[in-house]
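Below are the chains, spelled out letter by letter.
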Amino acid sequence: MLEQTLSEVYTKFKIHFYQEMFKQLNSRETSLTTVELFCVEIIHALKNPTIAEFANFINVSSPNAAYKVNSLIQKGYIEKVQSTVDRREYHIHVTDKYYNYFNLSQKYVNKVVERAQDYFSAEQVEILDNILKDMSNELMTEVVIPPVEVQP
């Protein structure tokens, strides 16, 4: 039962995001391929990785990762920023163009959270929050990323 319910919630978040992406595609406001979409999401989640860190995370060669990064740079979704610690190293940062796109999914998460806060008691919301934290921190150990920062 839990497996079905969690799969349904996860699928609804994904499908809503895809619906919003198709609206953007129809208005030609975005030009990302599916693979580029996944790459920029991973780069954002890793919080300014180097190309080597990104390549290692997605388990591809550095030249392959560099090719994907260069495509995203050309499309304006990410930029390379020189490290202040080691001037030979560059970190990949997402741009405002990405954040405009990212808000497609975050707005829906915010809407669902608002609905949950209206629907459930404060105590139930706290329990749900603690369960989700435990799932993220204790049960999803294969996916090691920095904490997600949500902007209001």
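Keep in mind that what you see is a predicted model, and the values were worked out from it rather than measured. (Residues numbered from 1 in each chain as written. Predicted model: local features only at pLDDT ≥ 70, side-chain atom pairs only at ≥ 80, totals over all residues. Heavy atoms only, no water.)

**A few points about the environment of Tyr67**
This is how the line gets drawn: For helices the rule is a DSSP run of H or I covering at least 4 residues; for strands it is a run of E covering at least 2, with both sets numbered from the N terminus onward.
Relative to the helices and strands, Tyr67 is located in helix α4 (residues 62-74). Measuring from C-alpha to C-alpha, the distance between Tyr67 and Leu6 comes to 35 Å, with 61 residues separating the pair along the chain.

**Here's the deal with the pattern of salt bridges**
Note on pairing: side chains with opposite charge can pair once their charged atoms come close. Operational definition: Here, a salt bridge means any Lys or Arg side-chain nitrogen found within 4 Å of an Asp or Glu carboxyl oxygen. When a residue's accessible area, from a 1.4 Å probe over protein chains only, is under 20% of the maximum for its type it is buried; when over 50% it is exposed; and in between it is partly exposed.
For the structure shown, the criterion picks out four salt bridges. Of the charged contacts, one joins Lys12 and Glu8 as a salt bridge, the two residues approaching to 3.7 Å between their closest N and O atoms. Residue Lys12 and its partner Glu8 are both found in helix α1 (residues 2-26); the two are separated by four residues, about one turn of the helix. The class of Glu8 is partly exposed, set by a relative accessible area of 42%. Among the ionic pairs, Asp86 bridges to Arg88, the shortest N-O distance being 3.0 Å.

**What about a nonpolar patch on the surface?**
Let me state the cut-off plainly: Any residue with relative accessible area above 30% and no salt bridge may belong to a patch, with like charges joined within 9 Å and the nonpolar Val, Leu, Ile, Met, Phe, Trp and Tyr side chains within 5 Å. Surface accessibility follows the Shrake-Rupley procedure with a 1.4 Å probe radius. Residue values consider only the protein chains on display as shielding.
A surface patch of nonpolar side chains, about 260 Å² in accessible area, is lined by Val9, Phe13, Val109 and Val113. Of all the elements in the fold, those that place two or more residues in the nonpolar patch are α1 and α5 (96-119). Structurally, Phe13 is set in helix α1.

**Some details on the packing of helix α2 (residues 34-46) against helix α3 (residues 51-58)**
To be explicit about the condition: Inter-axis angles, ranging from 0 to 180 degrees, are taken between N-to-C directions of lines fitted to C-alpha atoms, where helices are fitted over the stretch in contact. Angles below 35 degrees are treated as roughly parallel, those above 145 as roughly antiparallel, those between 65 and 115 as roughly perpendicular, and all remaining angles as oblique. Working rule for handedness: look at the near helix, and if it is turned counterclockwise from the far one by less than a right angle, call the crossing left-handed; if clockwise, right-handed. Contacts are assigned to residue pairs with any non-hydrogen atoms lying within 4.5 Å of each other. By the convention adopted, Pro, Cys, Tyr, Trp, Phe, Met, Ile, Leu, Val and Ala count as nonpolar, Lys, Arg, Asp and Glu as charged, and the other residues, Gly among them, as polar.
Relative orientation of the contacting elements α2 and α3 amounts to 115 degrees, with a least axis distance of 11 Å. Accordingly, the angle class assigned to the pair α2 and α3 is roughly perpendicular. Here the hand of the crossing between α2 and α3 comes out right-handed. Facing Cys39, Ile42, Ile43 and Leu46 of α2, the residues of α3 in contact are Phe54, Phe57 and Ile58. Of the residues in the contact of α2 with α3, the class split is seven nonpolar, no polar and no charged.

**A word on the side chain of Ser71**
Test applied: Polar contacts, as counted here, are pairs of nitrogen or oxygen atoms within 3.5 Å of one another; within protein the pair requires one atom able to donate a hydrogen and one able to accept it, and residues that are adjacent in sequence qualify only if both atoms are side-chain atoms.
Assignment of secondary structure puts Ser71 in helix α4. In this structure Ser71 comes out as buried when scored by relative accessible area, which is 16%. One polar contact links Ser71 to Glu36, side chain to side chain, over a distance of 2.3 Å.

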